[in-house]
Amino acid sequence: MKKLPSTLPNMILSLGIICLIIAGILALVNVATKDTIAQAETKAKVEAIKEIVPAFDNNPYEERDTVALEGEGSLAVYPATQGGQPVGYAIETYTDAGFAGHIDIMVGFDMESQIVGFKVLKHEETPGLGAKIQEWFTSPAPNADLIRDVRGLNMSQASPLKVSKDGGGGKVDAITAATISSRAFIDALERAYRAYQSVVGEGGSTAQPTESSCALPEREVIDSLFNTLLPAYRLVDKAKNGTTDDGTPWLTQSYGPNNMSETTGLLVVTTSDNDYEGRCLPMLVCFDNKGVLTAFAIADLNATGKLLSISNHYGGNQDPATAKPSKSSLIGKRVTSSSLKLSKDGGAIDAVTGSTVSSRAILQGIARAQRIFEANANESTK
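Cut-offs and rules
- Within any chain, residue numbers begin from 1 and follow the written order of that chain's sequence.
- Only residues with pLDDT of at least 70 get local features here, since the model is predicted, and only at 80 or more are side-chain atom pairs given and counted; chain-wide, interface and lining totals rely on the full set of residues.
- The side-chain numbers reported here are obtained from all heavy atoms of the structure, hydrogens and water having been left aside.
- Secondary structure is summarised from DSSP: a helix means a run of H or I of at least four residues, a strand means a run of E of at least two, and numbering begins at the N terminus for each.
- Expected span of a helix: the number of residues minus one, times 1.5 Å.
- Working definition: with a 1.4 Å probe on protein chains only, accessible area under 20% of the residue-type maximum means buried, over 50% means exposed, and in between means partly exposed.
- Think of the arc as the fan of directions from the helix axis to the C-beta atoms.
- What goes into a patch is any residue over 30% in relative accessible area without a salt bridge, connected to like charges within 9 Å or, for nonpolar side chains (Val, Leu, Ile, Met, Phe, Trp, Tyr), within 5 Å.
- A 1.4 Å probe and the Shrake-Rupley method give the accessible areas. Residues count as covered only by the protein chains that appear here.
- Counted as salt bridges are all cases of a side-chain nitrogen of Lys or Arg within 4 Å of a carboxyl oxygen of Asp or Glu.
- Here is the rule: rings of Phe, Tyr and Trp (six-membered ring for Trp) pair when centre to centre is within 6.5 Å. Planes less than 30 degrees apart are stacked, more than 60 are edge-to-face, and the remainder are tilted.
- Charge-over-ring contacts are defined here by two conditions on Lys NZ or Arg CZ: a distance within 6 Å of the ring centre and an angle within 35 degrees of the ring normal.
- Known as pLDDT, the predictor's confidence for each residue is given on a scale from 0 to 100.
- Residues count as neighbours in contact if any of their non-hydrogen atoms are within 4.5 Å of one another.
- Only strands joined by at least two bridges in the DSSP assignment are considered to pair.
- Between the N-to-C directions of two axes lies an angle of 0 to 180 degrees, each axis being a line fitted to C-alpha atoms and, for a helix, fitted only over the stretch in contact.
- By convention a nonpolar core is built from buried Ala, Val, Leu, Ile, Met, Phe, Trp, Tyr and Cys residues, the set being connected through side-chain atoms within 4.5 Å.

1. Observations concerning helix H4 (residues 179-200)
In this model H4 runs 31 Å from its N-terminal to its C-terminal C-alpha over 22 residues, within 8% of the 32 Å that 1.5 Å per residue would give. Extensive coverage of H4 is indicated by the burial of 17 of its 22 residues.

2. Observations regarding helix H5 (residues 219-229)
All buried positions along H5 are accounted for by Ile 222, Leu 225, Phe 226 and Leu 229. Relative to the axis of H5, the buried residues are bounded by an arc of 105 degrees and lie together on one face.

3. Structural notes on a nonpolar patch on the surface
On the surface, Leu 13, Ile 17, Ile 21 and Ile 25 cluster together to form a nonpolar patch covering roughly 370 Å² of accessible area. Mapping Ile 21 onto the fold places it in helix H1 (residues 8-52). In this structure Ile 21 comes out as partly exposed when scored by relative accessible area, which is 49%.

4. Looking at the packing of aromatic side chains
Using the criterion set out here, one finds 10 aromatic pairs in the structure. Aromatic pair Tyr 61 and Tyr 78: ring centres 5.8 Å apart, planes at 15 degrees, arrangement stacked. Linking Tyr 61 in the loop between H1 and strand E1 (65-69) with Tyr 78 in strand E2 (residues 73-82), this pair joins segments that are 17 residues apart in sequence. Take Tyr 61: its relative accessible area is 16%, and that puts it in the buried class. For Tyr 78, a relative accessible area of 2% translates into the label buried. On the basis of an interplanar angle of 20 degrees and a centroid distance of 4.4 Å, the ring pair of Phe 137 and Phe 185 is categorised as stacked. Linking Phe 137 in the loop between helix H2 (133-136) and helix H3 (155-158) with Phe 185 in helix H4, this pair joins segments that are 48 residues apart in sequence. These aromatic residues form a ring-pair network of at least three members: Tyr 89, Phe 109, Tyr 193 and Tyr 196. The ring of Trp 136 has Arg 148 sitting right over it, with the charged end atom 3.8 Å from the ring centre. It is Arg 191 that lies over the ring of Tyr 94; its NZ or CZ is 4.5 Å from the centre.

5. Things to note about the confidence of the model for the protein chain
Averaged over all residues, the pLDDT of the protein chain equals 84, while 86% of them reach at least 70. Mean pLDDT in the protein chain bottoms out at H1, which sits at 74, and peaks at H2, which reaches 95. Low confidence marks residues 202-213, where pLDDT is under 50. Its contacts with residues over four positions away, or in another chain, come to 25 contacts.

6. Observations regarding the environment of Gly 98
Its location among the elements puts Gly 98 in strand E3 (residues 85-98). In this structure, the C-alpha to C-alpha distance between Gly 98 and Ile 180, residues 82 residues apart in sequence, is 6.3 Å. Ignoring anything within four residues of it in the chain, the contact list for Gly 98 reads Ile 103, Glu 125, Ile 180 and Ala 184.

7. A short note on the sheet that holds E1
Taken together, the 5 strands give an open sheet; going across it, the order is E1-E2-E3-E4-E5, and neighbouring strands pair in antiparallel fashion. Looking along the sheet, the strands with just one partner apiece sit at the ends: E1 and strand E5 (115-122). The mean inter-strand angle of the sheet, taken between neighbouring strand axes irrespective of direction, is 30 degrees. In the sheet, E3 pairs with strand E4 (residues 101-110) via 9 bridges, with the strands oriented antiparallel.

8. Side note on the nonpolar core
Counting residues in hydrophobic clusters, the biggest one holds 39 residues, and the most contacted among them are Phe 109, Phe 118 and Phe 137. The element best represented in this core is H4, accounting for 11 residues. For Phe 118, the residues in contact, after removing those within four places along its chain, are Ile 52, Ile 105, Met 106, Val 107, Ile 133, Gln 134, Phe 137, Thr 138, Val 150 and Phe 185. Listed in part, the 26 residues of the second largest apolar core include Val 268, Leu 293, Leu 330 and Val 335.

9. Focus on the pairing of E5
Here E4 runs beside E5; their pairing, made up of 6 bridges, is antiparallel. Pairing of Asp 104 across the sheet is with Lys 122, part of E5.

10. Side note on unusual backbone geometry
Across the chain, the bulk of peptide bonds are trans and the bulk of non-glycine residues have phi less than zero. Of the consecutive residues Ser 159 and Pro 160, the connecting peptide bond is found in the cis state with omega at 0 degrees. Topologically, Pro 160 is positioned in the loop between H3 and H4. One non-glycine residue, Ser 113, lies in the positive phi region at around 70 degrees. Among the secondary structure elements, Ser 113 is positioned in the loop between E4 and E5. When its relative accessible area of 2% is taken as the criterion, Ser 113 is described as buried.

This is the structure we're talking about:
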């Protein structure tokens, strides 16, 4: 084979071919290892969650959600529950203030604002210095006036944290010769705590529903929302109140066309089970006389846009007559408690991505209303 002359164009051509070959090899390696790396990262997060929150019996990773912090983007939040009740949250936080830049950390809280534990997921800090975050901040402080081991630290009392070297009442004992990495760790902790506060409520130590949050909406709210959902119908004046066996309040009222030639359905007002923020949400759920779901809505004036979008996903909080058809909509279907289950719970309904807990809460609220409808159905035909 004749050797190519050593000219500049030939050398550029040869280098270009070599670069293309190397790029192709790197691309193949990336494709071959991409899934493996993703699986390893997921496994690390799952193992971290097990170590840093109180004992739980759910699957926090599968039920993860996100919390948006103003000006800081969103953090992943993993709810830990025991017997259906929240026991803590793992927050996937970060900081860009490390000596080498970005650090990813998983921080676990109980329901009393205490840090249960933390796990450094990813960093590029200096070995022997900033890389000692995990070791340093789980070891005892040299004296009672300083904070080093953050496990058991009640952030509702200790926040905002500061390095002792910075003065201003700071008590955190910085890593020797790695003050920048220590400040970065505190930055990540504070960011995680802000996300935690967003979940359980500002300054709140528990996400358990309160009596007021479980109350039914005011009469004016019921009438206004019903007219929005089913404008071609009106409510019969007679309403019936009661409570379920578990103490959940409910109200039922028949409805029919505006000319009231006949009653055609039953409105059930009750509350959902705990949503992602630990609240039991008041809901309006409408059935026709055959048990077909005709409309439903979250009746919380303070409901977030995200929560309302989840309701919209299933056909709620909108006039069914004008809403666009959707495969995920439950409107027009004869629902039962057994059919209103997420696929993750053995049912056939998909949760809204990243919002398993709130999706489940809305479905369980409809299921509760359906049981109340069954018990009161005869009233709508009288």
